[in-house]
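Below are the chains, spelled out letter by letter.
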Amino acid sequence: MYESVDDQPQPLSACWNYWIAVSTGDQAGVMEILGLTEPEPVSFAAAAEIIDTDGHDGYLGRVFVTPEVGGWTLVMGAWCDPYGIERREDVLRLCTELSERYSRAHAYYYSEQADGSAWLVTENGMVVRRYAAAGEPGDELLALGEPLPVEQAKRTELGLPTQWDPAAEDDEEWLGAAFELAPEVASAQGVSPLVLTADTPWSGVGVLAVTPYADAIRRSSLPRG
């Protein structure tokens, strides 16, 4: 067991947010599947600062793994990015593996700098939905699965059909709404780190952990001979 820290849940929000959400309190099991190592206890407040710094730097070498919050374990850091070309296929694979063991695993990208949203929902080893709205060429090619209820509800609110072809969608109202939609999707699907509070049910200790990316960099820098 890790040493306890004087802590309670608080919102985890940065300029650029990337996270994986897994429907379990098995922090150690989640870390094992993700290949995370060297866990060190850390408070929510300290983690929030680290996440923000790493997000600005695009640093992939560490993540914050929450204690169980509302029945979920959240993993936060740029390494969890389901959208960027460097990480998205690996994150899709990892979420699929997590959902095979824990039923549900999701990944999200959300920019508080109006740079867009992306979400990936997997259940029981299958991709249910992936969608991106970040204003970049090729976003439409990432779409997988059928629209989630929260997407359909938003489009109904805008007076748009609930089934559509992302490659042909050019409605500016929808694109603007989708840019901001990741937090709503996360809350509708489970627990969003952006709205955690001291009243959120929780158990355990949050940790900073080293990602396989950092381990690979270390190995490559070792003397050969």
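About the criteria used
- Residues numbered from 1 in each chain as written.
- Predicted model: local features only at pLDDT ≥ 70, side-chain atom pairs only at ≥ 80, totals over all residues.
- Heavy atoms only, no water.
- Pairing = 2+ DSSP bridges.
- Helix = DSSP H or I, 4+ residues; strand = E, 2+ residues; numbered from the N terminus.
- Contact = heavy atoms within 4.5 Å.
- Axes fitted to C-alpha atoms, helices over the stretch in contact; angles between N-to-C directions.
- Patch = residues over 30% accessible without salt bridge, like charges linked within 9 Å, V, L, I, M, F, W, Y side chains within 5 Å.
- Areas by Shrake-Rupley, 256 points an atom, 1.4 Å probe, with all protein chains shown as cover.
- Salt bridge = Lys/Arg side-chain N within 4 Å of Asp/Glu carboxyl O.
- Buried < 20%, exposed > 50% of the residue type's maximum accessible area, 1.4 Å probe, protein only.
- Arc of directions from axis to C-beta.
- Polar contact = N/O pair within 3.5 Å; in protein donor to acceptor, adjacent residues only side chain to side chain.
- Left-handed = near helix turned anticlockwise from the far one by under 90°.
- Nonpolar A, V, L, I, M, F, W, Y, C, P; charged D, E, K, R; others polar.
- Phe/Tyr/Trp six-rings, centres within 6.5 Å; stacked < 30°, edge-to-face > 60°.
- Lys NZ or Arg CZ within 6 Å of the ring centre and 35° of its normal.

Attention now moves to the sheet that holds strand β6 (residues 104–111). On the basis of which strands lie adjacent, the open sheet formed by nine strands has the order β2-β11-β3-β5-β1-β6-β7-β8-β9 and antiparallel pairing. Each edge of the sheet is formed by a strand with only one pairing partner; in this case those strands are β2 (37–41) and β9 (144–145). In terms of strand pairing, β6 meets strand β7 (residues 117–123) through seven bridges, oriented antiparallel. Bridge pairing in β7 places H106 opposite V121. Contacts between helix α1 (residues 27–34) and the sheet are confined to β1 (16–22), β2, β3 (62–65), β5 (73–76) and β11 (207–210), with β5 contributing the most and set at about 40° to the helix.

On to a nonpolar patch on the surface, then. On the surface, a cluster of nonpolar side chains totalling about 270 Å² of accessible area is made up of Y59, Y213 and I217. Summarising the element assignment, Y213 is placed in helix α7 (residues 212–221).

Burial in helix α5 (residues 172–179) covers these residues: W174, A177 and A178. All buried residues of α5 fall inside an arc of 100° around its axis, so they share one side. Where α5 is buried, its residues contact β7, β8 (126–133) and α4 (149–157). Its side-chain oxygen at 3.0 Å from the backbone nitrogen of E173, D171 defines the N-terminal cap of α5.

Contact pair α1 / helix α3 (residues 88–102): the axes reach a minimum separation of 10 Å and the direction vectors enclose 145°. Crossing hand, α1 versus α3: right-handed. Along the contact surface, α1 presents G29, V30, E32, I33 and L34, while α3 presents L94, E97, L98, R101 and Y102. In the contact of α1 with α3, the residues fall into six nonpolar, one polar and three charged.

Attention shifts here to the pairing of β11. By the alternation rule, side chains of β11 split into V207 and A209 and L208 and V210, which are all buried. Taken together, the three bridges between β2 and β11 define a ladder with antiparallel strand orientation. The residue bridging P41 from the neighbouring strand is V207, located in β11.

So, about the packing of aromatic side chains. In the structure shown here, the tally under the stated rule is eight aromatic pairs. With 6.0 Å between their ring centres and 75° between their planes, Y131 and W164 make a pair best called edge-to-face. With Y131 in strand β8 and W164 in the loop between α4 and α5, the pair connects residues that are 33 residues apart, well separated along the chain. With a relative accessible area of 5%, Y131 lands in the buried category. Judged by its relative accessible area of 14%, W164 falls in the buried class. Three or more aromatic residues link up through ring pairs in this structure, and these residues are W119, Y131, W164 and W174. Over the ring of W164 we find R155; its NZ or CZ atom is 3.9 Å from the centre of that ring.

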